[in-house]
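Structure at a glance
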Amino acid sequence: MDVELSLLKLLVEIDRSGSMTAAAERLMYTPSAVSQQVKRLESVVGTPVVERHARGVRLTEAGRLVAGRAAAIDTQLSALRADLDDLLDARSGHVTLGVFPSFAASLLPDVMGAFRSAHPGIELGIRSSRLRDLHAMLLGREVDLSLAWDYPELPMMVDDVETEVIADDATVLLVPAGWSRGGPILLDSLADEQWIVRASQHAITTMFRSACLKAGFEPKVLVESNDYMESQAMVAAGLGLTVAPAMTTRYLRDGVESIALDELSRRRILLCRLDQRTPSPAAKAMRSVLIALFQAMNSA
């Protein structure tokens with residue numbers, strides 16, 4: 001049975017008011033239009049739904065059955081409208097964010113705290129992994145948004161993924177505590193140092209080697225490490241110097257100091273989503289929180 005919602009609402013209003021005239025006034029119909037609509041409903045239902053009496057009209061047994069179901073439908077539609085309003089206004093919903101390890105180890109707690117404070121009704125999911133896996137999660141719709149990073153001279157390009165630069169991250173020099181040269185440090189003054197670099201042709205190593213060659217030397221690599229905390233441990237032990245994104249030094253190991261080195265490129269922080277996929281209100285809310293966090297950090 002295919003019944004228009006407007007006919008069901010009319011019957012509910014007739015039941016509430018006990019009068020077709022009153023129902024017409026409330027719904028802004030003419031009395032004749034109400035009569036025609038009732039006939040249409042009875043045609044669909046296959047039996048009379050109202051009967052007249054001296055004081056107006058009342059529903060038949062079939063009419064009461066239809067009106068009862070219609071009232072339940074109306075309640076569900078009102079609830080649906082409220083749920084949709086919550087969803088569209090980012091008061092409910094779900095968003096899963098993919099993050100890379102150095103972000104997870106430094107800024108993720110701040111993001112989660114800010115997001116839950118601003119949007120307590122949105123369910124938040126986090127997936128932390130390497131960039132290649134995060135891209136796969138994004139393409140497989142396991143995450144709604146994903147953070148990534150690249151360098152201007154080594155831009156990230158992934159098919160079907162739209163990227164937005166939302167922040168940048170300085171590259172700093174890490175030295176053992178007490179190490180000093182006096183005054184600003186220039187890269188060419190470090191030609192005789194031993195270096196700890198990221199292994200497996202990591203982008204920061206590629207960028208660093210290129211900068212060293214421009215400064216006139218090939219860096220003397222003593223150790224290729226697997227992560228930034230490992231590199232910090234080796235610097236603290238006096239094995240050499242290293243360079244790292246400033247984000248990774250938020251929790252700097254004892255025995256290690258960070259020095260600005262403006263000759264090195266800044267890492268770009270990217271927010272990624274599937275190309276042509278319209279972000280949900282919850283995803284837009286997450287984007288706003290991320291951008292606000294980075295802006296606050298840059299202005300601090």
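Please read all numbers here as calculations on a predicted model, not as lab measurements.

Another point: helix 7 (residues 131–139). The set of residues buried in helix 7 consists of L131, L134, H135, M137 and L138. Looking straight down helix 7, one finds that the buried residues subtend no more than 160 degrees of arc, so they occupy a single side. Packing partners of the buried residues in helix 7 comprise strand 3 (93–99), strand 4 (122–128), strand 5 (145–150), strand 6 (161–169) and strand 12 (267–274).

Quick look at helix 3 (residues 31–45) now. A rise of 1.5 Å per residue sets the reference length of helix 3, with its 15 residues, at 21 Å; its end C-alpha atoms lie 21 Å apart and thus fit the reference within 8%. Residues of helix 3 that are buried in the fold lie against helix 1 (5–17), helix 2 (20–27) and strand 1 (50–53). Just past helix 3, the residue G46 takes up positive phi, approximately 95 degrees.

Residues L5, I73, L77, L80 and L84 make up a contiguous nonpolar surface patch of about 380 Å² in total accessible area. Note that L5 resides in helix 1. L5 sits in the partly exposed class, given a relative accessible area of 44%.

Okay, the nonpolar core next. One finds F103 and L147 to be the most contacted residues of the largest nonpolar core, which totals 67 residues. With nine residues, helix 10 (residues 281–299) is the single largest residue contributor to this core. Within the second largest apolar cluster, 19 residues are counted, among which are L8, M20, V38 and V57.

This brings us to the side chain of T171. Turning to its location among the elements, T171 is positioned in strand 7 (residues 171–176). What makes T171 buried here is its relative accessible area of 3%. Separated by 2.5 Å, the side chain of T171 and the backbone oxygen of S265 make a polar contact. Those residues in contact with T171 that lie beyond four places of it in its chain are Y151, I204, M207, V243, A244, P245, L261, L264, S265, R266 and R267.

Tracing the chain through its elements places G98 in strand 3. Each C-alpha atom of the pair G98 and G125 lies 8.5 Å from the other, and the pair is 27 residues apart in sequence. Once residues within four sequence positions are removed from consideration, G98 is found in contact with R127, L134, V143, L145, S146 and L147.

On to the sheet that holds strand 10 (residues 242–245), then. The strands making up a sheet associate through hydrogen bonds between their backbones, and the pairing can be parallel or antiparallel. The strand order across the open sheet formed by three strands is 10-7-11, and the pairing between neighbours is antiparallel. A single partner strand is all that each edge strand has here, and the edge strands are strand 10 and strand 11 (256–260). Sheet twist, expressed as the average angle between the axes of neighbouring strands with direction ignored, equals 40 degrees. Pairing of strand 7 with strand 10 involves four bridges; the strand directions are antiparallel. Bridged to L173 within strand 10 is V243.

Conventions used here
Residues numbered from 1 in each chain as written. Predicted model: local features only at pLDDT ≥ 70, side-chain atom pairs only at ≥ 80, totals over all residues. Heavy atoms only, no water. Buried < 20%, exposed > 50% of the residue type's maximum accessible area, 1.4 Å probe, protein only. Helix = DSSP H or I, 4+ residues; strand = E, 2+ residues; numbered from the N terminus. Arc of directions from axis to C-beta. Contact = heavy atoms within 4.5 Å. Expected span 1.5 Å × (residues − 1). Patch = residues over 30% accessible without salt bridge, like charges linked within 9 Å, V, L, I, M, F, W, Y side chains within 5 Å. Areas by Shrake-Rupley, 256 points an atom, 1.4 Å probe, with all protein chains shown as cover. Salt bridge = Lys/Arg side-chain N within 4 Å of Asp/Glu carboxyl O. Core = buried A, V, L, I, M, F, W, Y, C linked by side-chain atoms within 4.5 Å. Polar contact = N/O pair within 3.5 Å; in protein donor to acceptor, adjacent residues only side chain to side chain. Pairing = 2+ DSSP bridges. Axes fitted to C-alpha atoms, helices over the stretch in contact; angles between N-to-C directions.

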